[in-house]
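Listed below are the residues making up each chain.
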Amino acid sequence: MSDEQQTPQSQPESQPQSEADSSNTPSFGWNLYAERINGRFAMIGFVALLILEAVTGQTFLSWMGFM
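### Regarding the side chain of Asn 31
In this fold, Asn 31 is placed in the loop between helix H1 (19-22) and helix H2 (32-56). Residue class for Asn 31 comes out buried when judged on its relative accessible area of 12%. A polar atom in the side chain of Asn 31 sits 3.1 Å from the backbone nitrogen of Tyr 33. Here the side chain of Asn 31 touches Ala 34 through a polar contact of 2.8 Å, landing on its backbone nitrogen.

Here's what the structure looks like:
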């Protein structure tokens, strides 16, 4: 065994945030805010589709006339 004393490597206290991560305000282009809003609307649409199928008793494709 070695007599050298091993010290844990120090970790930075905080990670620097990128420009997209640090802003929760609406802005143009591909950014975290736009992706978050897009995901929320997608979840709302999916739940609405499930409710529509439960209420009508038909699948979405048959409801649209594709089947």
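Once you've had a look at it, read on.
### Some thoughts on a nonpolar patch on the surface
A cluster of nonpolar residues, Phe 60, Leu 61, Trp 63, Met 64, Phe 66 and Met 67, forms a patch on the protein surface that exposes about 690 Å² of accessible area. Mapping Phe 66 onto the fold places it in the segment after helix H3 (60-64).

Reading the values: rules and limits
Residues numbered from 1 in each chain as written. Predicted model: local features only at pLDDT ≥ 70, side-chain atom pairs only at ≥ 80, totals over all residues. Heavy atoms only, no water. Helix = DSSP H or I, 4+ residues; strand = E, 2+ residues; numbered from the N terminus. Buried < 20%, exposed > 50% of the residue type's maximum accessible area, 1.4 Å probe, protein only. Polar contact = N/O pair within 3.5 Å; in protein donor to acceptor, adjacent residues only side chain to side chain. Patch = residues over 30% accessible without salt bridge, like charges linked within 9 Å, V, L, I, M, F, W, Y side chains within 5 Å. Areas by Shrake-Rupley, 256 points an atom, 1.4 Å probe, with all protein chains shown as cover. Salt bridge = Lys/Arg side-chain N within 4 Å of Asp/Glu carboxyl O.

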